[in-house]
Amino acid sequence: MIALDQLNLRVERGSIYGFIGPNGAGKTTTLRLLAGLLEPSSGEIRLSGQRLVPGSGQRLVGYMPDFFGVYDDLRVWEYLDFFARCYGIPSDRRSRTVDELLSLVDLSSKRTAYVQTLSRGMQQRLCLAHALVHNPPVLLLDEPASGLDPRARVELRELLRTLREMDKTVVLSSHILSELAEICTEIGIIESGKMVISGPVDEVRRQLQGGAQLRIRVLHSVEQAEIVLRGLVGTASETLPHLRKVRLAPTEERTLIIELDEADETLQMRLLHYLIGQGLAISEFRAQAENLEELFLRLTAGE
């Protein structure tokens, strides 16, 4: 069985790269390869310009797996001090390193607490501090927001932004696609071991949409608006945009989402004038970007 098929991935330094894919697509395998825990059967891996060979990536990356093991009988500072010793950090630097990391992940107040007393969100931040103990330029985070409550996810998001400001390159996988859209500078979608698309978030969104979406809200009679718009679907016209699809917004009243073949603002303006001429009272008319969840589901479903 092939886990990864001709995967070609390039992540720019200082970016936050979101790795998206269904279960079994190859996300965790890719991260383990980048961490040097697995050896590729063919091809090569380069980190910061250096060719990765077994055992050589430990100083270059900090890896946080999707399940994290912590030593319950250690205090928080002892946990980090233990791993600092493993990396050979001299004693005169270990205490300062531990204090700086606890401050970074906002756990200074829990310095002497036992690891087992921490909440899941705090344990997650502690494991991230563990991944940073040797100050690696690259961070690999496998489902870092899994199981976290909304407040903990916000805290993690802010922490990742801070790490980027520290010139860290972050690669993370996640199923919480709305989180990736807010924080990632680049994303890649993988399916069945193959990279489907990769690049800056806005560029990927444009490529996958292949057109434009408009959000139209009317003051009354959404049924009339739907009839008028559906009458334009598939109709050839030199003065109006070609409508591919018309649908009601799932969570909003009197709102329609229409899909167009192209994002031509002049044609969109003419469409607005046409709808007003049909007697529709329009309170909102604007372009709408398809969210990552919709793009991901449509792409991986083969639609």
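Within an unreviewed UniProt entry, the label attached to the protein chain reads ABC transporter, and the organism entered is Candidatus Chloroploca asiatica. Quoted verbatim from the Sequence similarities (unreviewed entry) field of the UniProt record, the comment on the protein chain reads "Belongs to the ABC transporter superfamily."

K.L.:
I tried to follow the pattern of salt bridges on my own but got confused; where do I start?
P.N.:
Pairing between side chains becomes possible if they bear opposite charge and their charged atoms approach one another. Applying the stated criterion across every chain yields a total of 14 salt bridges. A salt bridge links Arg94 to Asp81, with the shortest nitrogen-to-oxygen separation between them at 3.1 Å. A residue pair is termed long-range when its members are at least 10 positions apart, and Arg94 in helix H3 (residues 91–104) and Asp81 in helix H2 (residues 76–86) qualify at 13 residues. With relative accessibility at 12%, the residue Asp81 sits in the buried group. Among the ionic contacts, a cluster of salt bridges with common partners joins Arg215, Glu252, Glu284 and Arg286.

K.L.:
Just to check I follow, could you spell out empty space enclosed by the protein for this structure?
P.N.:
A water-sized probe rolled over the atoms picks out the places where empty space is left. In the structure shown here, the tally under the stated rule is two cavities of 30 Å³ or more. In this structure, the second largest cavity occupies an estimated 30 Å³ of space. Listed by contribution, the elements that provide at least two residues to the lining of the second largest cavity are helix H4 (120–131) and helix H5 (150–165). Grouping the amino acids of the lining of the second largest cavity by side-chain chemistry returns three nonpolar, two polar and two charged.

K.L.:
Would you mind showing me how to read the environment of Arg75 here?
P.N.:
By secondary structure assignment, the location of Arg75 is in the loop between strand S4 (61–64) and H2. Overall, the relative accessible area of 28% leaves Arg75 in the partly exposed class. Arg75 sits 36 residues away from Arg111 along the chain, and the two C-alpha atoms are 7.1 Å apart. A polar contact is formed between the side chain of Arg75 and the side chain of Tyr114, at a distance of 3.2 Å.

K.L.:
What's the story with the sheet that holds strand S10 (residues 243–248) in this structure? I'm lost.
P.N.:
Within a sheet, neighbouring strands are paired by backbone hydrogen bonds and run either parallel or antiparallel to one another. If you walk across this open sheet you meet the four strands as S10-S11-S9-S12, and the pairing is antiparallel. Sheet topology places S10 and strand S12 (282–287) at the edges, where each strand pairs with a single neighbour. Geometrically, the sheet is characterised by an average inter-axis angle of 20° between neighbouring strands, direction not taken into account. As defined by bridge partners, strand S9 (residues 212–218) adjoins S12 across five bridges and the pair is classed as antiparallel. Across the sheet, residue Leu214 finds its bridge partner in S12, namely Ala287.

K.L.:
How should the pairing of S9 be read in this particular structure?
P.N.:
Two faces belong to every sheet, and in a regular strand the side chains alternate between them. For S9, the tally of buried residues reaches six of seven residues, placing the bulk of the element in the interior. In this sheet, strand S11 (residues 255–260) lies alongside S9 in antiparallel orientation, the contact comprising six bridges. What sits directly across from Arg215, in S11, is Ile257.

K.L.:
Where do I start with the sheet that holds strand S5 (residues 138–142) in this structure?
P.N.:
The mixed open sheet is built from six strands, whose spatial order is S4-S5-S6-S1-S7-S8. What marks the edges here is a single partner per strand, and that holds for S4 and strand S8 (194–200). On average, adjacent strands in this sheet sit at an angle of 15° to one another, irrespective of strand direction. Here four bridges tie S4 to S5, and the two strands are oriented parallel to one another. Bridge assignment links Val61 to a residue of S5, and that residue is Val138. Lying on the sheet, H4 is in contact with S4 and S5; it crosses S4 at an angle near 155°.

K.L.:
Can you walk me through unusual backbone geometry in this structure?
P.N.:
Note: most peptide bonds trans; most residues except glycine with negative phi. Positioned with a positive phi, Asp106 is a non-glycine residue whose angle comes to about 60°. On the secondary structure map, Asp106 appears in the loop between H3 and H4. For Asp106, a relative accessible area of 58% gives the class exposed. A positive phi is found at Ser221, a non-glycine position, where the angle reads about 55°. Among the structural elements, Ser221 can be located in the loop between S9 and helix H8 (222–230).

K.L.:
Would you mind showing me how to read the packing of aromatic side chains here?
P.N.:
Note on aromatic pairs: each is described by the distance of the centres and the angle between the planes. Inspection of every chain in the model, using the stated rule, returns three aromatic pairs. Ring plane angle 70° and centroid distance 5.1 Å describe the contact between Tyr79 and Phe83, whose orientation is recorded as edge-to-face. Taken together, the positions of Tyr79 and Phe83, both in helix H2 and four residues apart, correspond to about one turn of that helix. What makes Phe83 buried here is its relative accessible area of 13%. Aromatic pair Phe82 and Phe83: ring centres 5.1 Å apart, planes at 75°, arrangement edge-to-face.

K.L.:
Please explain the layout of surface pockets as it appears in this structure.
P.N.:
Put simply, the largest pocket is a space of about 1200 Å³. Contributing to the lining of the largest pocket are 36 residues, with Leu9, Leu34, Glu44, Ile45 and Arg46 lying nearest its centre. Ranked by residue count, the leading element in the lining of the largest pocket is helix H1 (residues 27–34), at four residues. Residues of the lining of the largest pocket, tallied by class, amount to 17 nonpolar, ten polar and nine charged.

About the cut-offs
- Residues numbered from 1 in each chain as written.
- Predicted model: local features only at pLDDT ≥ 70, side-chain atom pairs only at ≥ 80, totals over all residues.
- Heavy atoms only, no water.
- UniProt positions renumbered as here; feature names shortened; annotations may be inferred.
- Salt bridge = Lys/Arg side-chain N within 4 Å of Asp/Glu carboxyl O.
- Helix = DSSP H or I, 4+ residues; strand = E, 2+ residues; numbered from the N terminus.
- Buried < 20%, exposed > 50% of the residue type's maximum accessible area, 1.4 Å probe, protein only.
- 1 Å grid on protein atoms, 1.4 Å probe; cavity = no way out; pocket = protein on both sides within 12 Å on 5 of 7 lines; lining within 4 Å.
- Points joined across faces, edges and corners; volume = space filled by probe spheres on them.
- Nonpolar A, V, L, I, M, F, W, Y, C, P; charged D, E, K, R; others polar.
- Polar contact = N/O pair within 3.5 Å; in protein donor to acceptor, adjacent residues only side chain to side chain.
- Pairing = 2+ DSSP bridges.
- Axes fitted to C-alpha atoms, helices over the stretch in contact; angles between N-to-C directions.
- Contact = heavy atoms within 4.5 Å.
- Phe/Tyr/Trp six-rings, centres within 6.5 Å; stacked < 30°, edge-to-face > 60°.

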